[in-house]
Amino acid sequence: MIALLVSSAGTYLISNSFFKDYASLFRNNREFITYLSPSNGIAAALSWYKHERTANLPLIRFGEDARQSAAHLTGKPTLTLLVVGETTRAQDVGLGGYTRQTTPLLAKDNVIYYPNTLSCGTSTAVSVPCMFSGMGHDHYNDALANHREGLLDIVQRAGVNVLWRENDGGCKGACARVPTEEMTAQNLPGMCIDGECYDQVLFHHLQGYIDKQTGNTLIVLHTIGSHGPTYNHRYPDAFKYYTPTCETNEVQHCSTEQLVNTYDNTIRYMDAMVDQGIQLLQANSQRFTTSLVYLSDHGESLGEDGVYFHGLPYMIAPIQQKHVPLLIWLSQDYQQRYAVNQKCMVDQAKLMHTSQDNLFPTVLGLFGVQTREYQPQLDLLTHCRGKAREY
Ligand SMILES: [Zn+2]
């Protein structure tokens, strides 16, 4: 095992030295990575074995005791949007103090931003199932996550209507047993090109779905966000705020300025999408008590120390791949009805060290779902509940 680690580290260091030249090649031809790795045979065998071993295992139920509290089952229903980001790193987010204001719309939306948030993994395949699993980073087990219920099963069991809208190539098991809409399959003109769609597609006819809901509802929007290498394909021309941009997937041929400009344009688009989510919730505030959570799955390297993209082993991955944006928006109605103090939330957020581990209990808490799997100390609202007046 030690020999394996040493040789893997060696391969990493060697490949890293030439990474700028090969990064785009790796991204577009993933099998090249396994050719280069001395552990590729072992890794492939382990992966196959793990898949075979867990593929037909029976589903383990989780949070079977889940119930919504009476306070959440009377009066107006609750409507929450959970926006799952893709490859959006915290370093380039204006809300977090980036010198460029890449989030001008959200800056005016009274959101609660958590500037010190870490991801569970450095890839979608780890972070997305992890954040919905309830295991947390330290205890995450992908084989178990594969065949155990997660956050959406629990919320659904408690009586919440759940819908997952997909624009990022799959939910990695997180939405396996809830209603799902694959937005790219609709191939909508003006929004989709060659099987990829701008995240705007996630709002297509969403109002129609909301109109049909009479109970508490959770809608998850899985965005393609800032995914490379074609960062320039993530936003329409109207979002080309920063120029010159990188107009190729061979990012090593672009200057740092071009690359960062293009990436930052994707953040401007994310800003507009999350803001649109808040506007949608406000437009439905007569019928629903509303809230929104945004959390990116992992970050991205943009050539710092010669490293590009994401997916390096967590222990050695640079902070840019692990430091992610997290924000919460609570309508006035939500704050008053559940006695959550906005100023308390904002003040705490600045100081807290948060992570994707906070998502599971926070979403349970937003819907008042009571279960033994709920850990109130990790629910981001816990310490600001019941402080509507005295804070
Ligand atoms: Zn991802």
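Above this note sits the structure.
Residues numbered from 1 in each chain as written. Predicted model: local features only at pLDDT ≥ 70, side-chain atom pairs only at ≥ 80, totals over all residues. Heavy atoms only, no water.

A. Seen up close, the coordination of the zinc ion. Within the protein, the atoms that donate to the zinc ion are Glu-86 (OE), Glu-86 (OE), Thr-124 (OG1), Asp-297 (OD) and His-298 (NE2), at distances of 1.9 to 2.8 Å. Sequence positions of the donors to the zinc ion reduce to the motif E-x37-T-x172-D-H. Overall, His-298 belongs to the buried group, its relative accessible area being 0%. (Donors = N, O, S within 2.8 Å, 3.2 Å for Na, K, Ca; no water. Buried < 20%, exposed > 50% of the residue type's maximum accessible area, 1.4 Å probe, protein only.)

B. Representation of the state of the cysteines in the model. As enumerated under the stated definition, the model contains five disulfides in all. There is a disulfide in this structure between Cys-120 and Cys-130, and the S-S distance comes to 2.1 Å. Here the S-S torsion is close to 80°, and the disulfide linking Cys-120 with Cys-130 is therefore right-handed. Taken together, the positions of Cys-120 in the loop between β4 (117-118) and α5 (124-133) and Cys-130 in helix α5 put the pair ten residues apart, joining distant regions of the chain. For the pair Cys-120 and Cys-130, one class covers both residues: buried. A sulfur-sulfur separation of 2.1 Å characterises the disulfide bridge that pairs Cys-246 with Cys-254. With the S-S dihedral at roughly 75°, the linkage between Cys-246 and Cys-254 falls on the right-handed side. (Disulfide = S-S within 2.5 Å. Helix = DSSP H or I, 4+ residues; strand = E, 2+ residues; numbered from the N terminus.)

C. Structural detail: the packing of aromatic side chains. Tallying each qualifying case throughout the model produces nine aromatic pairs. Taking the centre distance of 6.1 Å and the plane angle of 40° together, the rings of Phe-62 and Phe-360 count as tilted. Here Phe-62 is found in the loop between α4 (40-55) and β1 (67-68), whereas its partner Phe-360 is found in helix α12 (residues 359-366), with 298 residues between them in sequence. Assigned by exposure class, Phe-62 and Phe-360 land together as buried. (Phe/Tyr/Trp six-rings, centres within 6.5 Å; stacked < 30°, edge-to-face > 60°.)

D. Just α5, in detail. Counting buried residues in α5 gives eight out of ten residues, a clear majority hidden from the surface. Taken together, the buried positions of α5 are Thr-124, Ser-127, Val-128, Pro-129, Cys-130, Met-131, Phe-132 and Ser-133. Two residues or fewer after α5 comes Gly-134, characterised by a positive phi angle close to 80°.

E. View of unusual backbone geometry. Geometrically, the link from Gly-228 to Pro-229 is a cis peptide bond, its omega value of 0° lying close to zero. Tracing the sequence through the fold places Pro-229 in the loop between β9 (217-222) and α9 (256-283). Looking along the chain, the bond that leaves Thr-243 and enters Pro-244 is cis, with omega of 0°. Position of Pro-244 relative to the elements: it lies in the loop between β9 and α9. One non-glycine residue, Lys-172, adopts positive backbone phi at about 55°. Counting through the fold element by element, Lys-172 comes out in the loop between β5 (161-166) and β6 (180-182). A residue is classified by how much of its surface remains accessible, and Lys-172, at 41% relative accessible area, is partly exposed. A positive phi angle, near 45°, is found at Asn-187, a position not held by glycine. Along the polypeptide, Asn-187 turns up in the loop between β6 and β7 (192-193).

F. Examining the side chain of Glu-86 more closely. Along the polypeptide, Glu-86 turns up in the loop between β2 (78-85) and β3 (112-113). Residue Glu-86 is classed as buried on the basis of its relative accessible area, which comes to 1%. Once residues within four sequence positions are removed from consideration, Glu-86 is found in contact with Thr-124, Asp-168, Thr-223, Ile-224, Gly-225, Ser-226, His-227, Ser-296, Asp-297 and His-298. (Contact = heavy atoms within 4.5 Å.)

G. Inspection of the environment of Thr-88 at higher detail. Mapping Thr-88 onto the fold places it in the loop between β2 and β3. Looking at Thr-88, the relative accessible area reads 0%, which means it is buried. Sequence spacing of Thr-88 and Ser-226 is 138 residues, and the spatial spacing of their C-alpha atoms is 5.5 Å. Not counting chain neighbours up to four residues away, the residues in contact with Thr-88 comprise Val-93, Ser-226, Tyr-263, Ile-267, Met-270, Tyr-294, Ser-296, His-298, Gly-299, Val-324 and Pro-325.

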